[in-house]
Each structure stands twice: as C-alpha cells, then as structure tokens.
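Structural overview for review
The chain contents come next:
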Amino acid sequence: RNIIGGDIEMADAKEELEVLLADKEVTVNGNKVVVKRLSFLDTLRLTQHLSGIVTRIINDADTFSSALTKIMYKSDNAETDAIIRANGLLEVINSLGEEGIEFLTDIIIKSTSLTEDEVEEIDCEAGIDLALDIYEVNKGFFTKCLKKLKPLMEAPKKTRAKKA
C-alpha cells in the first residue's frame, strides 16, 4: 500500500464514522426512532420554505428568542421543565403559523423514519425532545441558518420596519 492510498482510506473511514456517529437512536411514543442527518437534497428542499418563516421570525424576534430559551430550559424539576418547554413550543407555533408547523413536520419526517401520521401522534413533551435531538444531529444546518438570521433579528426594529 502506498501512503496516499492509505490516507484516502483513512479519510473515507473517518467520514463513514462521522456519519454513523451522527445518527442517534431515541424512543418516541414507545418506539425506537433513528434521528439522522438531513441529506443535501432534503436541506435544499427545506430551505425553499424558509422565506415566509424567516419574515415572521424577523418581525417578532423577541418572542421567538424568548420561546427558544423556554424550549431549551432544563432544571432539576422535570415537571416544571415540561411546563416551561411546552409553553415555549406553543409560542413558537403561534409565531410561525401553519407554514412553520408544516416546516417542522417536514424536518421531523426527513430526519427520522416517522411517517406524517406518526408525527401527528407525538405528544408535546416527546415532540420537544425529538426536536432537540434533531437539532443536535443536524446542528450544522441549523447553525448556518441561525448565523444568517441573527444579524437580522438583532437589527433595530426601525430598520426592520423599513425593510418590510
């Protein structure tokens, strides 16, 4: 074997390992579900639906930011956590509207083996946990989206009003 071929094989093995480690097995409604990375084409399909959602987020950045903080909330009291996180999810849903719900549903379907009917059956707390697991596995996609949104969300409201 030559060194170059060995390096390529090692790079391929590392890439395969990263993909395998990116998947995460979780339990949703009593069933094992694998959360996987979004494919390139799925990412493109999802970003096509972002314009209306981005507009809503920018126009109501404070509410959206507060809701995300609640969704990520963790303390030593699981019962309190569930209430706060559910409240945050409701705020996000109210902010994003039906288009946002469809977007979240698409992300769940494309990131798991769940069908649309199975997604509809997920209870609130399990849905929040699943959304966080999907975020964790697909952090690169979401981080890039949030980096692009952050300056727009932090812009003074007067600037946002002029752009609208």
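Scroll up to find the structure this text is about.
Residues numbered from 1 in each chain as written. Predicted model: local features only at pLDDT ≥ 70, side-chain atom pairs only at ≥ 80, totals over all residues. Heavy atoms only, no water.

Overview of helix α5 (residues 78-111)
The line we're drawing: Under the scheme used here, helices are H or I runs from DSSP no shorter than 4 residues and strands are E runs no shorter than 2 residues, and both carry numbers assigned from the N terminus. Expected span of a helix, by definition, is 1.5 Å for each gap between consecutive residues, and there is one gap fewer than residues. Two axes enter the definition of the bend at a residue: one is fitted to the seven residues ending there, the other to the seven starting there, and the bend is the angle between them. Nitrogen and oxygen atoms within 3.5 Å of one another constitute a polar contact, given that in protein one can donate a hydrogen and the other can accept it, and given that sequence-neighbouring residues count only through two side-chain atoms.
When the terminal C-alpha atoms of α5 are compared, their 26 Å separation across 34 residues is substantially less than the 50 Å that a helix rising 1.5 Å per residue should span. Roughly 115° is the biggest bend found in α5, and it falls at Gly-97. One side-chain oxygen of the residue at the start of α5 lies 3.0 Å from the amide nitrogen of Glu-79, identifying that residue as Asn-77.

So, the pairing of strand β2 (residues 31-35)
Stated precisely, the cut-off is as follows: Following DSSP output, two strands are said to pair if at least two bridges run between them.
In terms of strand pairing, strand β1 (residues 24-28) meets β2 through five bridges, oriented antiparallel. Paired with Lys-24 across the two strands is Val-35, which belongs to β2. Hairpin connection, β1 to β2: the antiparallel pair is bridged by two residues, and Asn-29 has positive phi, about 50°.

Regarding the nonpolar core
Threshold: Remark: nonpolar core denotes a set of buried residues (Ala, Val, Leu, Ile, Met, Phe, Trp, Tyr, Cys) joined through side-chain atoms within 4.5 Å. Between buried and exposed lies partly exposed: a residue is buried under 20% and exposed over 50% of the maximum accessible area for its type, with that area taken using a 1.4 Å probe on protein chains only. Residue contacts follow a heavy-atom distance rule, with two residues in contact if any of their heavy atoms lie within 4.5 Å.
Membership of the largest hydrophobic core comes to 28 residues, with the highest contact counts inside it found for Leu-114, Leu-130 and Ile-134. For this core, the secondary structure elements donating two or more residues are β1, β2, α3 (50-59), α4 (61-71), α5, α7 (124-137) and α8 (139-154). Examining the composition of this core, we find that six residues originate from one element, α5, more than from any other. For Leu-114, the residues in contact, after removing those within four places along its chain, are Val-33, Ile-108, Ile-109, Val-119, Ile-122 and Leu-130.

Concerning a negative patch on the surface
As a reminder, the rule being used: For patch building, the residue pool is restricted to those with more than 30% relative accessible area and no salt bridge; the joining distance is 9 Å between like charges and 5 Å between nonpolar side chains (Val, Leu, Ile, Met, Phe, Trp, Tyr). Note on areas: Shrake-Rupley with a 1.4 Å probe; residue coverage comes only from the protein chains shown. We define a salt bridge as a contact between a side-chain nitrogen of Lys or Arg and a carboxyl oxygen of Asp or Glu at a distance within 4 Å. Note on charges: Lys and Arg go in the positive column, Asp and Glu in the negative column, and His and the chain ends are not counted at all. Here the site of a charge means atom NZ of a Lys, CZ of an Arg, CG of an Asp or CD of a Glu.
Residues Glu-98, Glu-102, Glu-116, Asp-117, Glu-118, Glu-120 and Glu-121 make up a contiguous surface patch of negative charge. Going through the elements one at a time, α5 and α6 (116-120) are the ones with two or more residues in the negative patch. Of all the elements, α6 adds the most residues to the negative patch, at four residues. Position of Glu-116 among the secondary structure elements: in helix α6.

Comments concerning the side chain of Arg-85
Its place among the elements puts Arg-85 in helix α5. A polar side-chain atom of Arg-85 sits 3.1 Å from the main-chain carbonyl oxygen of Ile-71. If near-sequence neighbours (up to four positions away) are discounted, Arg-85 is found in contact with Lys-70, Ile-71, Tyr-73, Lys-74, Ile-128, Asp-129 and Leu-132.

Points about a nonpolar patch on the surface
The grouping of Phe-40, Leu-41 and Leu-44 at the surface amounts to a nonpolar patch, some 330 Å² of accessible area in total. As for its position among the elements, Leu-44 is in helix α2 (residues 40-47).

A short note on the environment of Asp-129
Relative to the helices and strands, Asp-129 is located in helix α7. Looking at Asp-129, the relative accessible area reads 30%, which means it is partly exposed. As a C-alpha pair, Asp-129 and Thr-27 span 102 residues in sequence and 9.7 Å in three-dimensional space. A distance of 2.9 Å separates the side chain of Asp-129 from the side chain of Arg-85, its partner in a polar contact.

As for unusual backbone geometry
Of note in this structure, Asn-29 is not a glycine but carries a positive phi near 50°. Looking at the secondary structure, you find Asn-29 in the loop between β1 and β2.

Let's talk about the pattern of salt bridges
Counted under the stated rule, the structure contains six salt bridges. In this structure, the salt-bridge partner of Glu-136 is Lys-24, at a minimum N-O distance of 3.3 Å. Residue Glu-136 is found in helix α7, and its partner Lys-24 is found in strand β1; the two are separated by 112 residues along the sequence. Residue Lys-70 pairs with Glu-91 through a salt bridge whose shortest N-O separation is 2.5 Å. With a gap of 21 residues between them, Lys-70 in helix α4 and Glu-91 in helix α5 connect regions that are remote in the sequence. Residues joined in a network through salt bridges with shared partners are Lys-24, Asp-133 and Glu-136.

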